[in-house]
Amino acid sequence: MNNKPLRVILSGGGTAGHIHPALAVADALRAELGDEGVELLFVGAEGKMEMERVPKAGYRIVGLPVAGLQRQHLFSKANLLLPFKVIRSLRQARRIVREFRPDIAVGFGGYASAPVLRAAQRQGIPTVIQEQNSYAGLTNRLLAKRAEAICVAYEGMERFFPAEKIIYTGNPLRHSFGTAAEPTEAMKREAYAHFGFASAEGAGRKTLLVTGGSLGAGTLNRCLLGALDLLAARDDVQVIWQNGKYYEAQLAAAIEAKAGGLPRNVWRGAFVERMEWAYAIADVVVARAGAGTVSELESVGRAAIFVPSPNVAEDHQTKNAQALAAQGAATIVRDDEAADRLIPAALELLADDRRRAEMAANIRKLGRPDAAAEVARTVIRTANRYGNKR
């Protein structure tokens, strides 16, 4: 063995669901090997959120011009230019791999990972895939045949990948929510104060957390906006409502124009800075069913109502939610039924202590808190097995 650092390319992005696992694994590789023991390069898609978030996390990233197909506008200019972007991205990916000389490349799905991992595989560099969802994405399915290992978060992934390559690791989380799983009374008091709920008053109420993610979810926001009068009349419920930055101005204006404004028992914001505090006092969580959110809820063990987004590839959020619902770990409200069913379902679950406890216990059984470390160790083992002589 020599003292050369392990050189790793990590690629994936387009959404937080691909970026956060990649960052978590990068952190875990550093924790496992030390800052001097690993050299990391991220490859993302130009103009996507990873080009901002990865440098903020302290890592180097280069962008490819690759983009996805716009299914709603098949004959748009962007789609017509797509083949040229793919060709340019393949060329740039080959150059990046050749110049960086990685010992291994790791793909997390998303636009950029396909050309990067394909280039690595063609140059004889071992590759590892991390699949977040219960229904594997097209990019990872195409790359799986030549990958050395495939890290998954759900059972039954043999229908997508070669069984001998699958390693059940769970989904990597960058931030630990372990303290939120069993919060102390002091933590709860801090959380109540943070969201503007008096501690004594808050302790006597059930808390509903509604989150559509960093960008928000239109359906969830419309449901909450339409239910404000109902919620204002409930003295046994308080609500933490993360509406997302995309909808912030629109909702602020709508609430300002509404008689009575925002009820005192409702906190609303574009983003929850201390999500561990929100989870700490949440009795029920209403959310989309992206892989990252599902993994967070498995970690903290909270009763959940999923409203899967209908606007995602291959309807994978519905499949994520169904995988949990089948084990009594969550319930599902369809997006097109949410206007009528969501708030009544949430209030009903808040009032049912026994059912909430069962769901929380079932979802916690599915959590894998060491997922990032497991994926990192798989990357290291694979690199060593295929010729890295550190």
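Residues numbered from 1 in each chain as written. Predicted model: local features only at pLDDT ≥ 70, side-chain atom pairs only at ≥ 80, totals over all residues. Heavy atoms only, no water.

## Points about helix α1 (residues 16-33)
The end-to-end C-alpha distance of α1 is 25 Å, a good match for the 26 Å that 18 residues give at a rise of 1.5 Å each. When α1 is considered as a whole, its buried residues turn out to be H18, I19, P21, A22, L23, A24, V25, A26, A28, L29 and L33. Packing partners of the buried residues in α1 comprise β1 (6-11), β2 (38-45), α2 (50-56), β5 (127-131) and α17 (371-385). (Helix = DSSP H or I, 4+ residues; strand = E, 2+ residues; numbered from the N terminus. Expected span 1.5 Å × (residues − 1). Buried < 20%, exposed > 50% of the residue type's maximum accessible area, 1.4 Å probe, protein only. Contact = heavy atoms within 4.5 Å.)

## Some words on the pairing of strand β11 (residues 284-287)
A two-sided burial pattern is seen for β11, the buried positions comprising V284 and V286 on one face and V285 and A287 on the other. Of the strand pairs in this sheet, strand β8 (residues 206-211) and β11 are connected by 4 bridges, and their pairing is parallel. Following the sheet pairing, T211 is matched in β11 by A287. Of the crossover connections in this fold, the one passing from β11 over helix α13 (residues 291-300) to the parallel strand β12 (residues 303-306) is right-handed. (Pairing = 2+ DSSP bridges. Right-handed = clockwise from strand over helix to strand, strands pointing away.)

## Brief notes about the environment of V62
If you trace the backbone, V62 turns up in strand β3 (residues 61-64). In this structure, the C-alpha to C-alpha distance between V62 and A45, residues 17 residues apart in sequence, is 8.2 Å. If we skip the residues at most four places from it in the chain, V62 touches L41, F42, V43, G44, M51 and I96.

## A word on the side chain of N133
With respect to the element layout, N133 can be found in the loop between β5 and α5 (138-143). In this structure N133 comes out as buried when scored by relative accessible area, which is 8%. In contact with N133, not counting residues within four places along its chain, are Y154, M157, A291, H316 and N320.

## Regarding the sheet that holds strand β7 (residues 166-168)
Two orientations exist for strands paired in a sheet by backbone hydrogen bonds: parallel and antiparallel. A sheet is described by the order of its strands in space; here 7 strands give the open sequence β3-β2-β1-β4-β5-β6-β7, paired in parallel fashion. The strands lining the two open edges of the sheet, one partner per strand, are β3 and β7. Recorded for the sheet is a direction-independent mean angle of 25 degrees between the axes of neighbouring strands. In this sheet, β5 lies alongside strand β4 (residues 104-107) in parallel orientation, the contact comprising 3 bridges. Its bridge partner lying in β5, V106 is registered against V128. (Axes fitted to C-alpha atoms, helices over the stretch in contact; angles between N-to-C directions.)

## Some details on empty space enclosed by the protein
The tally for this structure, following the rule as stated, stands at 1 cavity of 30 Å³ or more. Its volume calculated, the largest cavity comes out at about 30 Å³. Along its surface, the largest cavity is lined by G12, I19, A22, F42, V43, G44, E50, V54 and I61. Mapped onto the lining of the largest cavity, the elements with two or more residues apiece are α1, β2 and α2. Broken down by element, the residue count for the lining of the largest cavity peaks at 3 residues, all from β2. (1 Å grid on protein atoms, 1.4 Å probe; cavity = no way out; pocket = protein on both sides within 12 Å on 5 of 7 lines; lining within 4 Å. Points joined across faces, edges and corners; volume = space filled by probe spheres on them.)

## Some thoughts on the nonpolar core
In terms of nonpolar packing, the biggest core is built from 62 residues, with I9, F161, F195, I240, Y279, F306 and L324 touching the most fellow members. Among the elements that take part in this core, helix α12 (residues 275-281) stands out by supplying 6 residues, more than any other. (Core = buried A, V, L, I, M, F, W, Y, C linked by side-chain atoms within 4.5 Å.)

## Examining the layout of surface pockets
Its boundaries defined by the atoms lining it, the second largest pocket holds a volume of some 370 Å³. K188, A280, A282, D283 and R302 are the residues nearest the centre of the second largest pocket, which is lined by 21 residues in total. Within the residue set of the lining of the second largest pocket, elements represented by two or more residues are α7 (185-194), α12 and α16 (353-365). Here the lining of the second largest pocket gets 5 residues from one element, more than from any other, and that element is α16. Here the lining of the second largest pocket is built from residues that sort into 10 nonpolar, 1 polar and 10 charged. (Nonpolar A, V, L, I, M, F, W, Y, C, P; charged D, E, K, R; others polar.)

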